[in-house]
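A structural walkthrough
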Amino acid sequence: MAKVINPLLSGTASGQLGHMMTFDKRGYVRKYVIPANPQTTNQMTVRNSLGDIQRELKLMGSVLRNQLKSQFGYRWGALIIGELMANDQAAYNTYAAEWAAFSTAEKTAWATADLVVPVVKTDGELLYCVASAVYDIAQRIGAVISLSQPIATNAATVGAEWTDNTP
């Protein structure tokens, strides 16, 4: 049921009027539509990829998290996710290609350092790609963060810096 303040078209309204109109908090009116959720394979792959990246970001320690908030802004998570998912995951795929060139022992070290269990992405690859994106964004904007540059041989160092909660 819609909540109307003043006459309908001269005041404000919010909610739904029958199955004809929907009013939102910003004052916009749109036609009522039944939400579609086709759950195609591609849609689920993208959703699971976003979820994997988000789970990796949630594992981040308070020290690095506070640095990113202060230097990247309050939408720091969206900045990182946007970097990795833009242009059909072009940046993520570049980092993943770098990770694929690692030796088996180096991949195992990255998988050990990665505490997240990904749904779609490969264990270890996810930490490397997300940490690389964070490091590269910081370099581009001139931010100083306590994260070493992710390379093949420093999985334990990056993993410890990623989850560190002590200043």
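Residues numbered from 1 in each chain as written. Predicted model: local features only at pLDDT ≥ 70, side-chain atom pairs only at ≥ 80, totals over all residues. Heavy atoms only, no water.

Overview of the packing of aromatic side chains
The following threshold applies: Here a Phe, Tyr or Trp ring, Trp counted by its six-membered ring, pairs with any other such ring whose centre lies within 6.5 Å, and the pair is stacked when the planes are under 30 degrees apart, edge-to-face when over 60, and tilted otherwise. Numbering goes from the N terminus for both helices and strands, where a helix is a DSSP run of H or I of at least four residues and a strand is a run of E of at least two. The buried label goes to any residue with under 20% of its type's maximum accessible area, the exposed label to any with over 50%, and the partly exposed label to all in between, with areas taken from a 1.4 Å probe on protein chains only.
Tallied over the full model, the rule gives two aromatic pairs. Aromatic side chains F102 and Y128 sit 5.1 Å apart centroid to centroid with 80 degrees between the ring planes, which places their arrangement in the edge-to-face category. One end of the pair, F102, is in the loop between helix 3 (76–100) and helix 4 (104–113); the other, Y128, is in helix 5 (residues 125–141), with 26 residues separating them in the sequence. Among the residues examined, Y128 registers a relative accessible area of 4% and is labelled buried. A centroid spacing of 5.3 Å and a plane angle of 85 degrees characterise the contact between W110 and Y128, whose relative ring orientation is edge-to-face.

Some remarks on the environment of A111
As for its placement among the helices and strands, A111 is situated in helix 4. For the pair A111 and H19, spaced 92 residues apart in the sequence, the C-alpha separation amounts to 51 Å.

Shape descriptors only; they carry no functional weight alone.
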